[in-house]
Amino acid sequence: MSWKVRSIAIVMAFLGLLQLVSSTTAWTWPQPKLFFVYVCMAIMCSALQLRFSGSGAPPLSANVPVILLSILQLGMPEAAIVGAAGALAQGLLNEKTRWQWLHLAVSVGVAATAIATADFVFRSLIPNSIQSPTLRLLAASLALFFVNTFPLAMATWSTDQQRLGKFWKESYSWLVPYYLVSAATVT
């Protein structure tokens, strides 16, 4: 990993972990049982990953519907913790990343930032005149997709390859339908 990519990864991990810490300081535990159910579901879903042979694409995780449900039914701090628990479990279950602490920190940090952004889109960015939770969740899932995949593409992209935008499009664009279908089925 080049020093530029490593620096970007460290900054992403730091900012994401800062988001996670600030989320947990505002935590009030309004629905502890539901929260624990979602954390357990996120951890279990981390073990369910589809890997596509012959492609450099990331594995398809089953966490997206759980994260969208937590955004819909819990507050942002709880949703961020649910996603961070899923990202940490996914990293620890992967033999290649299990002992790569920077990779784990980036995954957890990006998950927290992506969920906070998706929650902001769901609760605040969409005008109040749009009352449909489905439309709000579709917009939130797109935000989750972009904020989740672009930093990970930056962390895995090397400068000797093609342009970053092309690399991101080729590696991650196939996930858009999965995020949208997850949002549509959750509501």
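Whatever comes next refers back to the structure up there.
Thresholds, definitions, all that
Residues numbered from 1 in each chain as written. Predicted model: local features only at pLDDT ≥ 70, side-chain atom pairs only at ≥ 80, totals over all residues. Heavy atoms only, no water. Helix = DSSP H or I, 4+ residues; strand = E, 2+ residues; numbered from the N terminus. Buried < 20%, exposed > 50% of the residue type's maximum accessible area, 1.4 Å probe, protein only. Contact = heavy atoms within 4.5 Å. Areas by Shrake-Rupley, 256 points an atom, 1.4 Å probe, with all protein chains shown as cover. Axes fitted to C-alpha atoms, helices over the stretch in contact; angles between N-to-C directions. Parallel < 35°, antiparallel > 145°, perpendicular 65-115°, else oblique. Left-handed = near helix turned anticlockwise from the far one by under 90°. Nonpolar A, V, L, I, M, F, W, Y, C, P; charged D, E, K, R; others polar. Phe/Tyr/Trp six-rings, centres within 6.5 Å; stacked < 30°, edge-to-face > 60°.

Here we look at the overall build of the chain
Line of reasoning, step 1. Counting its regular elements, the chain contains 8 helices and 2 strands.
Line of reasoning, step 2. Counted from the first residue to the last, the chain has its helices and strands arranged as α-α-β-β-α-α-α-α-α-α.
Line of reasoning, step 3. By the burial criterion, 43% of the 187 residues in the chain qualify as buried.
Line of reasoning, step 4. In the chain, the proportion of contacts linking residues at least 24 apart, taken out of those at least 6 apart, comes to 70%.
Line of reasoning, step 5. Accessible surface, the chain: about 10000 Å² in total, of which carbon and sulfur atoms supply 69%.

Details of the packing of helix H2 (residues 32-46) against helix H3 (residues 63-73)
Line of reasoning, step 1. Where H2 contacts H3, the axes come no closer than 9 Å and their chain directions differ by 165 degrees. Here H3 runs roughly antiparallel to H2, going by the angle between their axes. Seen from above, H2 lies across H3 with left-handed handedness. For the pair H2 and H3, contact is made by Leu-34, Tyr-38, Met-41, Ala-42, Cys-45 and Ser-46 and by Asn-63, Val-66, Leu-69, Ser-70 and Gln-73, respectively.
Line of reasoning, step 2. Counted by class, the contact of H2 with H3 contains 7 nonpolar, 4 polar and no charged residues.

Concerning the packing of aromatic side chains
Each aromatic ring pair is specified by the distance between its two centres and by the angle formed by the two planes.
Line of reasoning, step 1. Taken as a whole and assessed by the stated rule, the structure comprises 7 aromatic pairs.
Line of reasoning, step 2. For the pair Phe-145 and Phe-146, a centre-to-centre distance of 5.1 Å together with 65 degrees between the ring planes defines the contact as edge-to-face.
Line of reasoning, step 3. Using a relative accessible area of 41% as the deciding quantity, one classes Phe-146 as partly exposed.
Line of reasoning, step 4. Ring geometry for Phe-145 against Trp-168: centres 5.9 Å apart, planes inclined by 40 degrees, an arrangement best described as tilted. Taken as a pair, Phe-145 in helix H6 (residues 133-156) and Trp-168 in helix H7 (residues 164-172) lie far apart in primary sequence, 23 residues in all.
Line of reasoning, step 5. Of the residues examined, Phe-145 reaches a relative accessible area of 1% and is grouped as buried.
Line of reasoning, step 6. Judged by relative accessible area, which is 17%, Trp-168 ranks as buried.
Line of reasoning, step 7. These aromatic residues form a ring-pair network of at least three members: Phe-145, Phe-146, Phe-150, Trp-168, Tyr-178 and Tyr-179.

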